[in-house]
Amino acid sequence: MSEQTSSEQTRALIRRVVAAWNSHDPARVAAHYTEDCYGLDVAIARPQIGREGVHGMFAAYYTAFPDLEITLDDIIVEGDHVAIFWTTHATHLGPILNIPPSGRAVTAKGVNRLVLQDGLVCETLTIWDVAGMLRGLGLLPDL
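The structure presented is a predicted model; accordingly, all values stated were derived computationally and were not measured. (Residues numbered from 1 in each chain as written. Predicted model: local features only at pLDDT ≥ 70, side-chain atom pairs only at ≥ 80, totals over all residues. Heavy atoms only, no water.)

(A) Layout of the overall build of the chain. In terms of regular secondary structure, the chain is built from four helices and six strands. Secondary structure elements in the chain, listed N-terminal to C-terminal, are α-α-β-β-α-β-β-β-β-α. Expected size for 143 residues packed as a compact globule is a radius of gyration near 15 Å; at 15 Å, the chain falls within 12% of this value. When its C-alpha atoms are laid out on the principal axes, the chain stretches across 50 × 30 × 25 Å. Expressed as a percentage of the 143 residues in the chain, the buried residues total 42%. Across the chain, every contact between residues at least 6 apart in sequence was considered, and the portion connecting residues at least 24 apart equals 51%. Within the structure as shown, the chain displays about 7,700 Å² of accessible surface, and the carbon and sulfur contribution to it stands at 56%. When the 10 basic and 17 acidic side-chain charges of the chain are each reduced to a single mean position, those positions are 4 Å apart. (Helix = DSSP H or I, 4+ residues; strand = E, 2+ residues; numbered from the N terminus. Rg over C-alpha atoms; globule rule 2.2 N^0.38 Å. Buried < 20%, exposed > 50% of the residue type's maximum accessible area, 1.4 Å probe, protein only. Contact = heavy atoms within 4.5 Å. Areas by Shrake-Rupley, 256 points an atom, 1.4 Å probe, with all protein chains shown as cover. Lys, Arg positive; Asp, Glu negative; His and termini not counted. Charge placed at Lys NZ, Arg CZ, Asp CG, Glu CD.)

This is the structure we're talking about:
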């Protein structure tokens, strides 16, 4: 298989992962991760371990933002390592990070570094604009 074909297959896989994120189904999301995956999200104090950890994290985000929609802005593929850049739009209708629902619409940008293994995500680092979300919720002033 050529490197270009492999890269295109990886891009297609990542599009399926993002489609799962947008499905609002934590079980569907978790199915794209290995049983022993390891994830870090800058907004969450503890890592997400295994499919159960992924499931719990996405369930919390879907509870807080039931209309969460992630738009894929760019994908960079380097072997089994992938960087994805995204923008999300959502309405804050449930608690998140000990913040009660505000009813406000928020937009945030972020990037994920994903490591793939046998067509599944085995490691992820999520870095996103938490401060921007807090400003959108009226909890931080514009700088």
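(B) Expanded view of the nonpolar core. Core analysis: the largest hydrophobic core is formed by 37 residues, its most contacted members being Trp21, Tyr33 and Ile84. If near-sequence neighbours (up to four positions away) are discounted, tryptophan 21 is found in contact with Val29, Tyr33, Phe58, Tyr62, Ile70, Ile84 and Asn112. (Core = buried A, V, L, I, M, F, W, Y, C linked by side-chain atoms within 4.5 Å.)

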